Amino acid sequence: MNAPFEFANIQAPKIKRLNEKALIVQLHVGRPTTSRRDKTAEQHIQREFGDESLTARSRIFRNKDNPVTQLLREVNDIYNWHYSNTWASGETGKRILGVRNLDEYRRTINDRIEALNRMKTDVLPYYDQCVQMDINERTEYARAMGKASTVDASEYPTAREFDERTFISLRLLPLPERSHFLFDVDEQDIAGIDAYLQDIEQAVRVSTIKRLLEPTAALINKISKSTDETKRFHNSLITNVIDAIEAFKKSGVDDDPQLAATVAELDNVVKEHSTGALRDSDVARQQAKEQLAAVADRMSAFM
């Protein structure tokens, strides 16, 4: 006869420490200065407000068709991709990456950095022409506004300066662990490591919850209004929430089963309501609003 099933033998799932499931990622991004002091605009606002201490700056390389503008936009796009695929650490310049995403992250970011470097190699021989193109456009704009242009090439970085200042490099670092020390440390040092990890874990938790709550709050705000007030309802209001949920599942940086259950509940609520129903039905909006607000309140408690 089989022994009776013992519930006492059931153990709660073990939540791994952060340094077992994540690492630090640093993306060093260099960008040249893309603004300059605008003396014409300064004179105008100083006269307007009677304050000679006021200053004004204007952007260079604004035309989206200029190859230099496109290169700089790619730098920003790479950083934005990095930011959206990592999590806050509480320290400037350091982000947290789930180990399960490491291969995909490293492959994607390295491919994009290589593509950026090829793009820069193609643009640099024509950099001076790109500068002249920008000067001509800014001069024409000033004339169209009835102003004398003060633009000249000295306001722009040289091709060499642009080359040196435009770069992206990647660094991956492990999160600290007591066993990393190969020499004796006292209890105060060990306590400091533990406190440091706890701070990072809390920063990751807050980053995780905010990334889920922000699109949820936007959706709640939209459906809080009647269909008469909001004729347009974009599908992105729903897909933004779903994308945040998928990013949470994929990251593996927070394996708290209670949080995971709440996220699964949010997922079910969002997928229960179609874009069409939320666009056209006040009843559907009210029901979804109540369900989403209840889940959001429970999720906020995890911070």
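None of the values given here were measured: they were computed from a predicted structure.

Asks: Go over the packing of aromatic side chains, please, and point to the residues and values.
Replies: Enumeration according to the criterion identifies five aromatic pairs in this entry. Members of the aromatic cluster, joined through ring pairs, are Phe61, Tyr127, Tyr156 and Phe162. Between Arg95 and the ring centre of Tyr83, over which it is positioned, the NZ or CZ distance is 3.9 Å.

Asks: Let's hear about the sheet that holds strand β5 (residues 95-98): which residues, and what values?
Replies: Spatial strand order, β4-β5-β1-β6: four strands in an open sheet with antiparallel pairing. Because the sheet does not close on itself, it has two edges, and the strands there are β4 (87-88) and β6 (167-174). The strands that helix α4 (residues 102-123) touches are β1 (22-30), β5 and β6; relative to β6, the one it contacts most, it runs at about 160°.

Asks: How would you explain the confidence of the model for the chain if you had to name every residue and give the values?
Replies: With 89% of its residues at a pLDDT of 70 or more, the chain has an overall mean of 84. Ranking the elements of the chain by mean pLDDT puts strand β2 (residues 35-37) last, at 76, and helix α3 (residues 67-84) first, at 96. Contacts from residues 1-15, a stretch scored under 50 in pLDDT, to residues over four places away or in other chains number eight contacts.

Asks: Give me α4: which residues, what numbers.
Replies: With 22 residues, α4 ought to run about 32 Å at 1.5 Å a step, and its terminal C-alpha atoms sit 31 Å apart, in line with that. For α4, the full list of buried residues reads Leu102, Tyr105, Ile109, Ile113, Leu116, Lys120 and Val123. All buried residues of α4 fall inside an arc of 100° around its axis, so they share one side. Opposite the buried face of α4, by more than 90 degrees, sit the exposed residues Asp103, Arg118, Thr121 and Asp122. Among the structural elements, β1, α3, β5, α5 (127-144), α6 (159-165) and β6 are those in contact with the buried residues of α4.

Asks: Run through the environment of Leu116, naming residues and quoting values.
Replies: For Leu116, the position within the fold is in helix α4. Sequence separation of Leu116 and Leu71 is 45 residues, and the distance between their C-alpha atoms is 7.4 Å.

Asks: Describe in detail a positive patch on the surface, supporting the description with residues and values.
Replies: On the surface, a cluster of positive charge is made up of Arg59, Arg62, Lys64 and Arg73. Checked against the element boundaries, Arg73 lands in helix α3. Overall, the relative accessible area of 37% leaves Arg73 in the partly exposed class.

Rules of the game
- Residues numbered from 1 in each chain as written.
- Predicted model: local features only at pLDDT ≥ 70, side-chain atom pairs only at ≥ 80, totals over all residues.
- Heavy atoms only, no water.
- Phe/Tyr/Trp six-rings, centres within 6.5 Å; stacked < 30°, edge-to-face > 60°.
- Lys NZ or Arg CZ within 6 Å of the ring centre and 35° of its normal.
- Pairing = 2+ DSSP bridges.
- Helix = DSSP H or I, 4+ residues; strand = E, 2+ residues; numbered from the N terminus.
- Contact = heavy atoms within 4.5 Å.
- Axes fitted to C-alpha atoms, helices over the stretch in contact; angles between N-to-C directions.
- pLDDT = per-residue confidence, 0-100.
- Expected span 1.5 Å × (residues − 1).
- Buried < 20%, exposed > 50% of the residue type's maximum accessible area, 1.4 Å probe, protein only.
- Arc of directions from axis to C-beta.
- Patch = residues over 30% accessible without salt bridge, like charges linked within 9 Å, V, L, I, M, F, W, Y side chains within 5 Å.
- Areas by Shrake-Rupley, 256 points an atom, 1.4 Å probe, with all protein chains shown as cover.
- Salt bridge = Lys/Arg side-chain N within 4 Å of Asp/Glu carboxyl O.
- Lys, Arg positive; Asp, Glu negative; His and termini not counted.
- Charge placed at Lys NZ, Arg CZ, Asp CG, Glu CD.

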